[in-house]
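What follows is each chain in one-letter form.
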Amino acid sequence: MDEILKGLRASAEATRLRILGLCAHAELTVSDLVEILGQSQPRISRHLKLLVEAGVLVRNQEGPWAWYRLPEEGVGGELAHLIVDLLPSDDRQHAQDLKRLQAISEGWTTRVADFFRQHAGDWEQIRSLHADQAAVDEALLAALPAPPIESLLDIGTGAGHVLSLVGKRAQSAVGVDRSREMLNVARSNLFRAGLRHCQVRQADMMALPFEDGGFAAVTMNMVLHFAERPDAAIQEAARMVQPGGRLVIVDFVTHQLDQLREEQAHRWLGFDDAQITAWCRAAGLGTVTVKHLAGGSLTVALWVADRPS
């Protein structure tokens, strides 16, 4: 009861209620909220501190930036979502806040477009070498557990492609990546897709900031060839899989395109089925099923392994 009362007291103020309403739609920084609400940074920071302490808002630090959103679980999360759902759809102040949020998101979209323009050549070069992306996406969806997926972790999420693809099939989903720039792209894409239950975090795939067995499904989509130690990366990913859960790895089969080391910073020139199978079994996973998608100079493989119940 104390947690509920603390959350109610913190939320029972006009600006803090507006903050909850905004953070229910997107992860936002102090600067974003200052721009939307038209209040000073110290004042907004104080409101945020009170909401976080009360458990109805969570704060995630990424370098010099802090991002705020509603909790996805716990008493504070349930209370925050309940309060936001009670906000009248015809409330003029809330409608104006969401309109300003939309304007800010258009600025995000512009930055995303600039980012993709700068890297489009590299990505198009890779896509031209392997099977059609739609075919890879279809195979990935087929490899995942039947929806609804209780919880999904996408390791090396990049621009959030897997989250956007799987988001509507998952009850909750989180993507991790080391690049803040890519995470900003992912946040923009998730906001535009309306995937409020999906979130992203800055993290190293070799040291994931989650408890053992926290996810029903874990994906590693085109990230393993960047790992210094892919066996250890699989071990860490497997640690995230709950009993009866599933790990899906999408990457290249062993190839000879050595130029990808220099041009695309690939650490490994693909993997063979025996390697991945051995690493998955060493990580405590069960039988590995394999699907190859040929097309062009590179063959894409999907390696799927379940953790025994």
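For the structure itself, look to the data block above.
My aim in this report is to walk through the structure given alongside it, one point at a time. (Residues numbered from 1 in each chain as written. Predicted model: local features only at pLDDT ≥ 70, side-chain atom pairs only at ≥ 80, totals over all residues. Heavy atoms only, no water.)

The next subject is the environment of alanine 237. For alanine 237, the position within the fold is in helix α10 (residues 230–239). Here the alpha-carbon distance between alanine 237 and leucine 98, two residues 139 residues apart in the chain, equals 37 Å. Aside from chain neighbours lying at most four places away, what touches alanine 237 is Ile155, Val218, Met220 and Leu247. (Helix = DSSP H or I, 4+ residues; strand = E, 2+ residues; numbered from the N terminus. Contact = heavy atoms within 4.5 Å.)

This brings us to the packing of aromatic side chains. Applying the stated criterion to the full structure yields three aromatic pairs. Taking the centre distance of 5.3 Å and the plane angle of 85° together, the rings of phenylalanine 210 and phenylalanine 215 count as edge-to-face. The exposure class of phenylalanine 210 is partly exposed, given its relative accessible area of 22%. Overall, the relative accessible area of 8% leaves phenylalanine 215 in the buried class. Between phenylalanine 271 and tryptophan 279, the ring centres sit 6.0 Å apart and the planes meet at 75°, which makes this aromatic pair edge-to-face. Looking at phenylalanine 271, the relative accessible area reads 0%, which means it is buried. Linked through ring pairs, Trp268, Phe271 and Trp279 together constitute an aromatic cluster. For the cation-ring pair, arginine 187 lies above tryptophan 67, with the distance from its terminal atom to the ring centre recorded as 3.8 Å. (Phe/Tyr/Trp six-rings, centres within 6.5 Å; stacked < 30°, edge-to-face > 60°. Buried < 20%, exposed > 50% of the residue type's maximum accessible area, 1.4 Å probe, protein only. Lys NZ or Arg CZ within 6 Å of the ring centre and 35° of its normal.)

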